[in-house]
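Per-entry structural report
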Amino acid sequence: MSENYELRAIAPEALKLLRTADDAGQPPRTVVEGEEGGSPMRCCLGRSRPHETIALVSYAPLRRWAAETGATPGPYDEVGPVFIHPGECDGWTGPGIPDGIRGTRRVLRAYSAEGGILGGRLLNGGEPTLEEGLAELYRDPRVASVHVRAVEFGCFLAETRRV
């Protein structure tokens, strides 16, 4: 992983709140996984196991980042569905990029410290790699954070922040 950013799962403090009421003000919706499992877990950046009970919640990553940093994302503030464990889990311990957020089609969205969007990068078929795409965006000194999202549903997968 590059020295100028770190990968982050949803913070434990935010998870505690999301397990009671999500960023849309609703209680978590529990779901029992099927035979395959494999839902992307945003609390630990892993994948759900077959027949595991997980929670589906609305999450506003830029809103939470803004509250922490003083940024003002304004119209870029989004709320979307994410899967989390309904109880505490081990979280993400790093380093590197876990398989749980890799995929053949990803989009990277870069944000300034003020909360404005600076651009993005489509990763299609593994070209460029996730690491290469992140390194490319972080070459711009204005980039403070980059979100990794799935292309098909636009789902938030993980946040990276400049260190």
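What you see is a predicted model; the values in this text were computed from it and never measured.

**Points about the packing of aromatic side chains**
One pass over the full model with this rule turns up two aromatic pairs. With centroids separated by 5.0 Å and ring planes inclined at 10°, the aromatic side chains of tyrosine 5 and tyrosine 138 adopt a geometry described as stacked. Here tyrosine 138 lies in helix α3 (residues 130-138) and tyrosine 5 lies in strand β1 (residues 5-8), a separation of 133 residues in the sequence. Here the aromatic rings of tyrosine 59 and phenylalanine 156 are separated by 5.4 Å at their centres, their planes lie at 55°, and the arrangement is tilted.

**Overview of the pairing of strand β7 (residues 143-150)**
Counting buried positions over the eight residues of β7 gives eight, a clear majority of the element. Pairing of strand β5 (residues 105-112) with β7 involves seven bridges; the strand directions are antiparallel. Residue pairing for β7: arginine 106 is matched across the bridge by alanine 150. With five bridges joining them, β7 and strand β8 (residues 156-162) adopt antiparallel strand pairing. Each bridged residue has a counterpart across the sheet, and for valine 146 the counterpart in β8 is threonine 160. The hairpin formed by β7 and β8 contains five residues between the paired strands, and glycine 154 there has a positive phi angle of roughly 75°.

**What about the sheet that holds β8?**
One open sheet accounts for five strands, arranged β1-β8-β7-β5-β6; its pairing is antiparallel. Bordering the open sheet on either side are β1 and β6 (117-124), each of which pairs with just one other strand. Looking at each pair of strands side by side, their axes are set apart by 20° on average, direction ignored. Sheet analysis places β1 next to β8, joined by four bridges and oriented antiparallel. Across the sheet, glutamate 6 pairs through a bridge with arginine 161, a residue of β8. In the packing of α3 onto the sheet, the strands contacted are β1, β5, β6, β7 and β8, and the crossing angle to β7 comes to about 150°.

Quick notes on the rules
- Residues numbered from 1 in each chain as written.
- Predicted model: local features only at pLDDT ≥ 70, side-chain atom pairs only at ≥ 80, totals over all residues.
- Heavy atoms only, no water.
- Phe/Tyr/Trp six-rings, centres within 6.5 Å; stacked < 30°, edge-to-face > 60°.
- Helix = DSSP H or I, 4+ residues; strand = E, 2+ residues; numbered from the N terminus.
- Buried < 20%, exposed > 50% of the residue type's maximum accessible area, 1.4 Å probe, protein only.
- Pairing = 2+ DSSP bridges.
- Axes fitted to C-alpha atoms, helices over the stretch in contact; angles between N-to-C directions.
- Contact = heavy atoms within 4.5 Å.

Purely spatial values, then, with no claim about function.
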